[in-house]
Amino acid sequence: MVSRAERSAFGDWWWTVDRLLLAALAILSLAGLVFLMAGGPPVAERLGLSTFHFVNRQVLFLVPALAILLPVSFLSLRHVRRLALLVYFTGMALILLAFQFGPEIKGAHRWIMIGPLGIQPSEFVKPAFVILAAWAFSEGAKRKDMPGALLAFLILPATIVPLILQPDFGQTMLITAVWCGLFFVAGLHWFWVMGLGGAGLVGVVAAYEFLPHVRARIERFMDKSSGDTFQVDMAMESFSRGGWLGRGPGEGSVKRILPDAHTDFIFAVTAEEFGIVVCIGLLLLFAFIVLRGLTLARRNEDTFCRLAATGLVMMFGLQAAINMMVNVHLMPAKGMTLPFISYGGSSLLSLALSMGFLIALTRRRPRAETMDYFTQGSAARS
């Protein structure tokens, strides 16, 4: 146990972070390994890999994820913003490089190879985008000589246009929804809310008209006879077979024929083997993290921290909700991972960065420290 009297960096961190949020994230990560042990082996065997290939790799990814989350959670507000700026521009540069040098996977150029590792840069752009958009909104609200609102407006198309060209419609919708949420929390008038809603509707219609893969997914969702709905049908079958208490660990059968049982449809695999009760428990765990993050954001007196924390929690919650809704056929398939549960190195490392930012932003800081941050920032700008 760390004493309150200890004046080390770790001691200051331990007594200022929200330990309930930390505990919930730890439980979620461990649960992810358990559920991946159910969904990963059948996919690995079909691909000719060792039985626990995906589980072992997820454990290996957890080490650098922890090495990202903990140091980032120690950062000051100034360094959070600077790191986000670095990650954002590096990620956007890699997205552009992926068009030329990245492999084409399922008709999209979303990945770039760094040695033997495949990196999806858009995953890392997401949390950095939230931090920078929140900073622009907060600066625009505090300083009339700072074009914060204009910067906030410009950063959205600068981010989503390359994603649309990849194409990656799911990430585009997620980032746009979070940006609109930040705009609302920052004090957007209801008139603009309606305008943004209308613009979003126009964007969805345009995507349906001009992007064939988006049209195919929406048509399969609306009419099963219009295309292949095998994965969604099998996911629904998993819930039916599992019932309330599940068939038991390792006893599921649908996962043996479900191609994305370890990624997009791991929630369905969990339902068959562990039951709907465990799925509800997982849903409540996600809800706790979201509500805890929003509570911490609401308590924060600093506009930047409040907006950034709200945006990060919103992105986390929306991503989880989209994945689970796809699994129960409430949304068209999006290719969105379930945070800390689905297999995926880029997703896991990105989520670690995002949650590291969240913990750093919601730490209990003396008012003098926060005021000193803005005093130094104003002096540096002048």
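To be clear, the structure that these remarks concern was listed above.
Heads up: these notes are all about the structure in this document. (Residues numbered from 1 in each chain as written. Predicted model: local features only at pLDDT ≥ 70, side-chain atom pairs only at ≥ 80, totals over all residues. Heavy atoms only, no water.)

### Some words on a nonpolar patch on the surface
- Nonpolar side chains collect at one region of the surface, where Trp244, Leu245, Val277, Ile280 and Leu284 lie side by side and expose about 570 Å² of accessible area between them.
- Locating Leu284 in the fold gives a position in helix H11 (residues 266-299). (Patch = residues over 30% accessible without salt bridge, like charges linked within 9 Å, V, L, I, M, F, W, Y side chains within 5 Å. Areas by Shrake-Rupley, 256 points an atom, 1.4 Å probe, with all protein chains shown as cover. Salt bridge = Lys/Arg side-chain N within 4 Å of Asp/Glu carboxyl O. Helix = DSSP H or I, 4+ residues; strand = E, 2+ residues; numbered from the N terminus.)

### Observations concerning the environment of Leu33
- Relative to the helices and strands, Leu33 resides in helix H2 (residues 19-46).
- In the structure, Leu33 is positioned 308 residues away from Ile341 in sequence and 7.1 Å away in space, judged by C-alpha atoms.
- When sequence neighbours within four positions are dropped, the list of residues in contact with Leu33 reads Gln58, Val59 and Leu62. (Contact = heavy atoms within 4.5 Å.)

### Things to note about unusual backbone geometry
- Of note, the amide linkage connecting Gln166 to Pro167 takes the cis form, showing an omega dihedral of -5°.
- By secondary structure assignment, the location of Pro167 is in the loop between helix H6 (148-165) and helix H7 (169-185).
- The backbone of Phe340 sits at a positive phi, close to 65°, despite the residue not being glycine.
- With respect to the secondary-structure elements, Phe340 resides in the loop between helix H12 (303-327) and helix H13 (345-361).

### Some thoughts on the pattern of salt bridges
- One pass over the full model with this rule turns up six salt bridges.
- Between Arg110 and Asp168 there is a salt bridge whose closest N-O contact spans 4.0 Å. Taken together, the positions of Arg110 in the loop between helix H4 (77-101) and strand S1 (112-114) and Asp168 in the loop between H6 and H7 put the pair 58 residues apart, joining distant regions of the chain.
- Exposure remark for Asp168: the relative accessible area of 4% places this residue in the buried category. (Buried < 20%, exposed > 50% of the residue type's maximum accessible area, 1.4 Å probe, protein only.)

### Topic: the packing of aromatic side chains
- By the definition in use, this model includes 13 aromatic pairs.
- When the ring of Phe316 is compared with that of Phe340, the centres are 6.5 Å apart and the planes differ by 50°; the resulting orientation is tilted. On the criterion of sequence distance, the pair formed by Phe316 in helix H12 and Phe340 in the loop between H12 and H13 is long-range, its members being 24 residues apart. Residues Phe316 and Phe340 agree in their burial class; the two are buried.
- Feature note: the residues Phe137, Phe153, Trp179 and Phe183 constitute an aromatic cluster, connected by ring pairs.
- Above the plane of the ring of Trp14 lies Arg19, whose end atom (NZ or CZ) is 5.3 Å from the centre. (Phe/Tyr/Trp six-rings, centres within 6.5 Å; stacked < 30°, edge-to-face > 60°. Lys NZ or Arg CZ within 6 Å of the ring centre and 35° of its normal.)

### Things to note about the packing of H2 against H13
- Remark: H2 packs on H13, axes separated minimally by 11 Å, with the N-to-C direction vectors making an angle of 165°. Our classification of the angle between H2 and H13 gives roughly antiparallel. Considering how the two elements wind past one another, H2 and H13 form a crossing that is left-handed. For the pair H2 and H13, contact is made by Leu21, Leu22 and Leu25 and by Met355, Leu358 and Ile359, respectively.
- Classifying every residue of the contact of H2 with H13 by side-chain character gives six nonpolar, no polar and no charged. (Axes fitted to C-alpha atoms, helices over the stretch in contact; angles between N-to-C directions. Parallel < 35°, antiparallel > 145°, perpendicular 65-115°, else oblique. Left-handed = near helix turned anticlockwise from the far one by under 90°. Nonpolar A, V, L, I, M, F, W, Y, C, P; charged D, E, K, R; others polar.)

### What to know about the side chain of Lys255
- One can find Lys255 in the loop between helix H10 (230-242) and H11.
- There is a polar contact of 2.4 Å between the side chain of Lys255 and the side chain of Glu273.
- Residues contacting Lys255, with those up to four places away along its chain left out, are Ala38, Pro42, Arg46, Gly250, Ala261, Val269, Glu272 and Glu273. (Polar contact = N/O pair within 3.5 Å; in protein donor to acceptor, adjacent residues only side chain to side chain.)

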